[in-house]
Amino acid sequence: MIYLDNAATSQKKPKEVLEAVLHAMESMGNAGRSTHEAAHSSTKTVFDTRVLLTEFFHGKNPSHCIFTKNSTESLNMAILGSLKPGDHVITTVMEHNSVLRPLYAMERQGVELSFCALDEHGILDYASLEKLWKKNTKAIVHTHASNLTGDLVDLEKISTFVKEKSLLWIVDASQTAGVYDIDMEKLGIDILCFTGHKSLLGPQGTGGMLIKEGISLRSLSYGGTGVETYNEDMPLEYPNHLEAGTLNAHGIAGLHEGVAYIQREGITTIREKELSLMEQFKKGIESLPGVKLYGNFQEKKRCPIVSMNLYAYDSAMVSDELFTRFNIATRAGGHCAPLMHKALNNVEQGCVRFSFSHFNTEEEVAKAVEAIRILSEEG
Amino acid sequence: MREKTLQCILSFHNTVDALQMEKLGKEKDLSGRLIPLPSVISAGCGLAWSTALENKESTLAACKEAGLEPSAVHEILF
């Protein structure tokens, strides 16, 4: 199988990730619960990974690196844990349901929402942010890149707006963590939410959030933390405040190795390989009859994603045929980004998404181009 | 694209039910397979069961016997 569905989850992981998970499952106890060798091994791995991720995202305090099971959980904790009725929030039409659904849940409780739209070129209309701002605007919550098109949101532009208005800034880095260097400190991001299983090359079930010092979130879950046993409430200090119950230390051990691999290989080297494959694919199909591409390919700084449709075919048909005839794995349909599909006017058709990993090869991409050429020719 | 034929496509309330359908198909030797949910049915994420139109009644009967309720039954070109 030629796996081109890496924006859903990266299938191929560095061998060190697999070895670390296996070793952890063979040797680890419960992190933070005891000091015997097995428990300490787990505690140390979790600690080392907090330190690594804090450095990776240019955070300040490893205690403010919170582990969750994915970006969605992190975003829920950030959104539901910070907003209250009467607050106004700015978000964008580029969002995944991992941002939209928690926001809609808060809207039902009295939070106001405003959406930054795309301009006539399909680019986020940054100029409209000022008009969307209100006196009760508490936060801006948005993705760093569309999971549908791979188009980036310019964090520098948002940073300027956030600093001018003193807003709480929550960023969904699901598609960009491990692809672009994100400097939380320099940009002034308050809460950065990430998942481990995509471009950080870790196992599914890993993820987290980095919270800037001084930002406090209400805990949404309660339970054992290994500390303050006789406190009837959750401990106030991070990370325990937000981490109830046993952590996925086995997965975190793998995540550590995924991030370490990116550091060894170089995030720029990995990204350039991925963007080169994306460009090869895009150039190979863009002028074929019936092919319609989505996204801003004029901008070279983007995620390695090409979303397309073929004639008026339902995207599910195209994706199914790519798999059943050519053994090529893609994603079709709605992509959990309802407002973006509306903005791109492809709600009825959905779209077929090709997303590339640096583990893919030029030969694989050439086969994908040839498959689309055949489907296009067949009409 | 290959020629499309009229198919009986069953959509489900959730992925668990779709996988129950696949399991049922194997157990009962039903003809058909899981496909990505066509956008024409629903603009959402998901899986559906596709089988030739002539298998519609036998598939639905097997579902009924197993207590598996599709969210909808469609006849569409796929």
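This one's a predicted model, so the numbers in the text were calculated from it and none came from an experiment.

### Some details on the pairing of strand 5 (residues 137–143) of chain A
All names here are of chain A.
1) Next: When you tally the buried positions in strand 5, you get six out of seven residues, the bulk of the element.
2) Next: As paired strands, strand 3 (residues 88–92) and strand 5 are joined by three bridges and run parallel to one another. Bridge assignment links Val 89 to a residue of strand 5, and that residue is Ala 139.
3) Next: Here strand 5 runs beside strand 6 (residues 168–172); their pairing, made up of five bridges, is parallel. Its bridge partner being in strand 6, Ile 140 is matched across the sheet by Trp 169.
4) Next: Following the chain from strand 5 across helix 6 (residues 155–165) to the adjacent parallel strand 6, one finds a crossover that is right-handed.

### Section: the interface of chain B and chain A
1) Next: Opposite the 15 residues of chain B that make contact, chain A presents 23 residues.
2) Next: With both chains or domains summed, chain B and chain A bury close to 1,400 Å², and 59% of this area falls on carbon and sulfur atoms.
3) Next: Linking chain B with chain A are four salt bridges.
4) Next: Ionic pairing is found between Arg33(B) and Asp320(A), a salt bridge with its closest N-O pair at 2.5 Å.
5) Next: Remark: the boundary between chain B and chain A carries nine residue pairs in polar contact (both at pLDDT 80 or more).
6) Next: Of the residues forming the side of chain B that touches chain A, the biggest block, three residues, is contributed by strand 2 (residues 33–36) of chain B.
7) Next: Class assignment of the residues belonging to the side of chain B that touches chain A gives a composition of 10 nonpolar, two polar and three charged.

### Observations regarding the domain arrangement of chain A
Residues and elements named next belong to chain A.
1) Next: One can read the domain layout of chain A as domain 1 (2–10 + 267–378) and domain 2 (15–265).
2) Next: The gap between the C-alpha centroids of domain 1 and domain 2 is 27 Å.
3) Next: Contacts between the two partners involve 32 residues from domain 1, matched on the other side by 33 residues from domain 2.
4) Next: Interface area for domain 1 against domain 2, summed over the two sides, is near 2,800 Å², with a carbon-plus-sulfur share of 61%.
5) Next: Sorting the residues of domain 1 by area buried against domain 2 places Ile 267, Leu 339 and Met 340 first, and these three jointly supply 23% of that buried surface.

Calculation criteria
- Residues numbered from 1 in each chain as written.
- Chains lettered and ligands numbered in written order.
- Predicted model: local features only at pLDDT ≥ 70, side-chain atom pairs only at ≥ 80, totals over all residues.
- Heavy atoms only, no water.
- Buried < 20%, exposed > 50% of the residue type's maximum accessible area, 1.4 Å probe, protein only.
- Helix = DSSP H or I, 4+ residues; strand = E, 2+ residues; numbered from the N terminus.
- Pairing = 2+ DSSP bridges.
- Right-handed = clockwise from strand over helix to strand, strands pointing away.
- Contact = heavy atoms within 4.5 Å.
- Buried area = accessible area lost by both parts, 1.4 Å probe.
- Salt bridge = Lys/Arg side-chain N within 4 Å of Asp/Glu carboxyl O.
- Polar contact = N/O pair within 3.5 Å; in protein donor to acceptor, adjacent residues only side chain to side chain.
- Nonpolar A, V, L, I, M, F, W, Y, C, P; charged D, E, K, R; others polar.
- Domains from an automatic or database assignment.

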